[in-house]
Structure formats: C-alpha cells, structure tokens
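These are the residues of each chain, in order.
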Amino acid sequence: MIYLSESRPLVLALFSFPFTNSPNPPPPLPSQKKAGRRRMRLRGALVLLLLLCVHGGQQGAEASSDGFVRVQGTRFMLNGNPFFANGFNAYWLMSFGADPAQRSKVTSALSQAAGSGLSVARTWAFNDGGSNALQYSPGHYNENMFQGLDFVLSEARKYGIKVILGLVNNYDSLGGRKQYVEWARAQGQNIGSVDEFFTNPVVKGFYKNHVKTVLTRVNKLTGVAYKDDPTIMAWELMNEPRCQSDLSGRTIQSWITEMAAHVKSIDGRHLLEAGLEGFYGRASSSSPSHRAAVNPSGYLVGTDFIANNQVPGIDFATVHSYPDQWLPGLDDASQMRRDAGYSDAQRDAMFRTVYAKVYDSARKGGSAAGALFWQLLADGMDSYGDGYEVVLGRAPSTTGLIATQSRKLKGLARAFARARKVQPAKGKGGN
C-alpha cells in the first residue's frame, strides 16, 4: 500500500511488471549485492514509479503551447491539455546511439514504440568511468557517447516520444556514486563511505558539474540545448538514492534540496524528480510511524518519501517496486532462478491488471496517470534479455495490450480537453 500526501498529489505511475501474487513481499536485504549488468536489469524489471506533483503548481500549464510537459493539480499537462503517459524503460539507448553499427536499433525501438502509442521513454544520461563512458573522469566527456545521446533525443523528437533522463546511478553499474567517490579519493579526499557522495563538497562539485554539462549540452543534430528541448519530459536526480548510514533521511533530504535548487537554477522549464524507490522514513511530522510501518518488513534505506518529495523544485515523485526481488530468505542465485520461466500469459495478466488500475485512476482524476514497463528491446538484442523484455512484434498479445492502453489514455486526454473547452462556454452562455 502507498499512502499519498493529504493534498492528493499528481502521480504518474510508471510500472514494470512483477510476476508474483505476494501482496507485501519484503525488500532486498542489504547483504543482497547487485550482480553486474544482468542484476541491474533484474532490479529495474520490477519498477513502479509514482510521479507525483507535490506542490500543486500551475507552471503556466493553461497558456503554454511550447511542447514542455508541465503539472497542474493532479495532472500532467502538454500544450494546455491533459497528458497521460504509456511508456517504457530502455537504459541502453545512449550507448547504442553512439555506435554506428547499432544505431538502427534505437530508431527501430522508438519507431515501434510510437507505432504502439507509447509516449514516454526513461533512459540514462550517465555512464561514469569504465569502458565506453560518457564521463571518463570528472568534467571530461566522451564526445562520441554524447552524440549518441544527441541521436536518441533527435529520434525521440521525430517519433513524438518524451524522455526522462537519469543523471547518476545509486549502484555501481555504469559507475554510479561509487565512481564519484573514487574520483574524489584520487584527488586526496579522505572519504570513508560511499554514502559521503551526498555530503563531501568535492564529490558534490563533480555531480553539479555533470548536471550543468548535460543540461547545457547543445544537441549536435538539432542545434537545441538540452535545457531548451521539449523532447525531454524530466530530469531524474539519481536512480534510487539510498543512504544506509543515515536512516533518518536527513542526509538525502539535504542533498535533494541542494541539487534540486542547482538543477532549477540552470533549467526552470523541465520537470524534476528525485528518483526515489518510495520507502517511508522514520517517524516524523511528514512521515508518521504508521506510514513507515507499511514499508515491506519495515525496511528503511535513508529516504523519507513524503519529505523528500516536498522539497522545492521537485515536481513529482517516483516509487519503484520489485516484488519478486523481495522474496524472503532467497539469495541472488535463488531469486534469479525464481525469475525464470514466466509465460507471456502471466505477463499479459499483470499488464491487464496494472493498466486497468492506471486507467481507472486517470479517468477519476486520481493520482496514477500512466505506466512504463521494463524493458523495451529491439530485434537483435537477445543478449540484453532478462526475462522481462518486450520486443514489440514478437509478443503480439502483449503488444496489443500496450497499444490498447495507449489508445484509451489518449482518448481520455481528448475527452478531458473537450470538457475543459465546454465549461467556459457554458459559463459565458448562461445556460
């Protein structure tokens, strides 16, 4: 169960689909380490992101027709009309866009997605250190990789798909905050824990520089700066921030406050979200004890879902849910075996259930305003498969469900838009 703030905030629910009937599975234990790229994909395979307008601001939603997604009350707005998202995760887009031999897969995936009515993609604007890095050392970038991201945004623009861009990873995959800490240590910083990513001034400086570099990047293909590109729906501060050394949530609260202000000082047009999983914090005025108790097994990760998402500058919230990663008493190997063998029929049943809930919420003016599944792949990417992948066209029943949901949400948006136009007319006509 997720308790929302009393102000009925806007929520865009971006779901990847778990295959379990357990209503309250426990979260991953601290001892359960991530195991390389495959493990990263498995964690992302079961994601429920609640994107939530926590301040109820208008953001000029009524008048703007500039293509930027905004928030108004409990809805996203696009060009003055309600916007409901049906979309997908595809973390691999930038790296494939940077490789001329693989670039066609980006085009294929986005073209097929648009053909099924998908309207939002979530992907990474980071790859720190290591091979094929975007940022290979603090402030130094691989131009070829950046041009891969240019290509992704150019193609997304062509196919009418909005993009959510993550700015750093909590986990070691693709560098993450651990890489930032290692860079600072190499410069003589005495850092004991990777959690000092959130507090060390040198590390924070590295991150702020990356944010500025990405936001002010001018796309070589379109000539548009990222901060001015309406193709981008939102920035994500971090993929799943956690701080186990401070379970009060104050450390992450301070970091989000500082970094949200930094992003907004550069780019006040795009939406911003923190990237949280959705765990409530210890008892506080914003997160009473009865709320923390609904965390699976009372799990605490150093975040406070309510307080963290009420930071000025945070426009919506995210909740990531991984039920089949939270099975009790299983190590990584056992859980990965449990992940295998689910049928298309089981996946379709889960899609139907989640899509129905999202549509019902959207129709009633509730918080859920869309869904993103993990993960979309193109043909010829079998090695990236993790058991949860969707290759549109290979799974006709799932593709049909996705396309139907897209049509229903777009029809709902048109209906709301018509109703908005009729109401002022009735007021002036006196009928």
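Residues numbered from 1 in each chain as written. Predicted model: local features only at pLDDT ≥ 70, side-chain atom pairs only at ≥ 80, totals over all residues. Heavy atoms only, no water.

Caption draft 1: Inspection of the overall build of the chain at higher detail. For the chain, the helix and strand inventory stands at 12 helices and 13 strands. The proportion of buried residues among the 431 residues of the chain is 59%. Considering only contacts in the chain between residues 6 or more positions apart, those separated by 24 or more positions represent 75%. When the accessible surface of the chain is totalled, it reaches about 16500 Å², and 52% of it is carbon and sulfur. (Helix = DSSP H or I, 4+ residues; strand = E, 2+ residues; numbered from the N terminus. Buried < 20%, exposed > 50% of the residue type's maximum accessible area, 1.4 Å probe, protein only. Contact = heavy atoms within 4.5 Å. Areas by Shrake-Rupley, 256 points an atom, 1.4 Å probe, with all protein chains shown as cover.)

Caption draft 2: Summary view of unusual backbone geometry. Cis peptide bonds are those with omega within 30 degrees of zero, and the linkage from Trp374 to Gln375 qualifies with -20 degrees. Of note, Gln375 is situated in the loop between β13 (370–373) and α12 (396–429). Phi is positive for Asn132, which is not a glycine, with a value near 55 degrees. As for its placement among the helices and strands, Asn132 is situated in the loop between β7 (120–124) and β8 (135–137). For Asn132, a relative accessible area of 57% gives the class exposed. Backbone geometry places Glu240, a non-glycine residue, at a positive phi of 60 degrees. Structurally, Glu240 is set in the loop between β11 (232–236) and α7 (250–266).

Caption draft 3: Local environment of the environment of Gly166. Among the secondary structure elements, Gly166 is positioned in strand β10 (residues 162–166). Residue class for Gly166 comes out buried when judged on its relative accessible area of 1%. Separated by 69 residues in the primary sequence, Gly166 and Trp235 have C-alpha atoms spaced 6.0 Å apart. Setting aside residues no more than four positions away along its own chain, Gly166 makes contact with Thr123, Trp124, Ala125, Phe126 and Glu236.

Caption draft 4: Region of interest: the pattern of salt bridges. Here the structure, examined in full by the defined rule, presents 20 salt bridges. Among the ionic pairs, Arg122 bridges to Glu236, the shortest N-O distance being 3.0 Å. Here the residue Arg122 occupies a position in strand β7, and Glu236 occupies one in strand β11, the gap between them amounting to 114 residues. For the pair Arg122 and Glu236, one class covers both residues: buried. Where Asp228 meets Lys227, a salt bridge forms, and the shortest distance between an N and an O atom there is 3.6 Å. Given the relative accessible area of 31%, Asp228 is considered partly exposed. Taken together, the shared-partner salt bridges connect Asp66, Arg70, Lys227, Asp228 and Arg269 into one network. (Salt bridge = Lys/Arg side-chain N within 4 Å of Asp/Glu carboxyl O.)

Caption draft 5: Region of interest: the sheet that holds strand β5 (residues 81–83). Strand order in the open sheet formed by 3 strands is β3-β4-β5, with antiparallel pairing between adjacent strands. Of all the strands in the sheet, the pair left with one neighbour each is β3 (69–72) and β5. Within this sheet the neighbouring strands show an average axis-to-axis angle of 50 degrees, counted without direction. Inspection of the sheet shows β3 paired to strand β4 (residues 75–78) by 4 bridges, in the antiparallel sense. In the sheet register, Arg70 faces β4, and the bridge partner there is Met77. (Pairing = 2+ DSSP bridges. Axes fitted to C-alpha atoms, helices over the stretch in contact; angles between N-to-C directions.)

Caption draft 6: Up close: the packing of helix α6 (residues 201–216) against α7. Two elements in contact, α6 and α7, have axes separated by 10 Å at closest approach and are oriented at 30 degrees. Overall, the two elements α6 and α7 adopt an arrangement that is roughly parallel. Here α6 runs over α7; the crossing is right-handed. Of the residues in α7, those touching α6 at Lys204, Tyr207, Lys208, Val211, Lys212, Leu215 and Thr216 are Trp255, Glu258, Met259, His262, Val263 and Ile266. Tallied by class, the residues present in the contact of α6 with α7 amount to 7 nonpolar, 2 polar and 4 charged. (Parallel < 35°, antiparallel > 145°, perpendicular 65-115°, else oblique. Left-handed = near helix turned anticlockwise from the far one by under 90°. Nonpolar A, V, L, I, M, F, W, Y, C, P; charged D, E, K, R; others polar.)

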